[in-house]
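Summary of the model geometry
In case you want the letters, here they are:
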Amino acid sequence: PKYQTPLTIMFKITVIASLLAAAVATNLQDRAFYEEKFFNWMSEHKTAAATGAHFVKMLQNFADNDDIIETTNKANKSYKLGHNQFSHLSIDEFREYVKLGLSKPASGATKVHAAPADVKSLPSEVDWVSAGAVSGVKDQGQC
């Protein structure tokens, strides 16, 4: 490989550090917070970046997703969010990966459900988990 002077190496490190700082400048936490979580996530999910720019983009996506997760979980909703193998993707990258929105249902679908005649006799709420109608979250890949 071509020899690089210490000044060239230092310049490249400075550029990468500047890109990292800019990448997480609009997030809730400082850069070090996201970097540590991201490196641990990369190790857990055996993920690597192809280039420095790709790493910066993955880190920014991860930080943005982490903010969404933390903000949602602090809102005391009936569900909790967490990281998974897609945490480094933006929503558009995720849609492209799983091919969301590319197929359209056939028109003229038949009626699947008719409302009961007496809706007042129905319970006001149903716990579908207790009723056994809900299973745990599963990774269905690109099903």
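The structure reproduced in this document is the subject of the present report. (Residues numbered from 1 in each chain as written. Predicted model: local features only at pLDDT ≥ 70, side-chain atom pairs only at ≥ 80, totals over all residues. Heavy atoms only, no water.)

As for its position among the elements, T47 is in the loop between α2 (31-44) and α3 (52-74). Separated by 41 residues in the primary sequence, T47 and H88 have C-alpha atoms spaced 9.3 Å apart. If sequence neighbours within four positions are ignored, T47 has contacts with W41, M42, M58 and H88. Within the local environment of T47, its side chain forms a polar contact with the backbone oxygen of H45, the two atoms lying 3.2 Å apart. (Helix = DSSP H or I, 4+ residues; strand = E, 2+ residues; numbered from the N terminus. Contact = heavy atoms within 4.5 Å. Polar contact = N/O pair within 3.5 Å; in protein donor to acceptor, adjacent residues only side chain to side chain.)

Here the focus is the packing of α2 against α3. Where α2 meets α3, the axes come as close as 10 Å, and the angle between the chain directions of the two elements is 105°. Relative to α3, the element α2 lies roughly perpendicular. In this structure, α2 uses F33, Y34, E35, K37, F38, F39, W41 and M42 to contact α3, whose residues at the interface are F55, M58, L59, F62, A63, D66, D67 and E70. Here the contact of α2 with α3 is built from residues that sort into 11 nonpolar, no polar and five charged. (Axes fitted to C-alpha atoms, helices over the stretch in contact; angles between N-to-C directions. Parallel < 35°, antiparallel > 145°, perpendicular 65-115°, else oblique. Nonpolar A, V, L, I, M, F, W, Y, C, P; charged D, E, K, R; others polar.)

This part is about the pattern of salt bridges. Scanning the model with the defined rule gives five salt bridges in all. Two residues, R31 and E35, come together in a salt bridge whose shortest N-O distance is 3.0 Å. Taken as a pair, R31 and E35 lie in helix α2 at a separation of four residues, close to a single helical turn. Take R31: its relative accessible area is 33%, and that puts it in the partly exposed class. D66 serves as the salt-bridge partner of K37, at 2.6 Å between the closest nitrogen and oxygen. Here D66 lies in helix α3 and K37 lies in helix α2, a separation of 29 residues in the sequence. We classify K37 as partly exposed; its relative accessible area is 25%. Taking relative accessible area as the criterion, D66 reaches 1% and is therefore assigned buried. Connected through shared salt-bridge partners, K37, D66 and E70 make up one network. (Salt bridge = Lys/Arg side-chain N within 4 Å of Asp/Glu carboxyl O. Buried < 20%, exposed > 50% of the residue type's maximum accessible area, 1.4 Å probe, protein only.)

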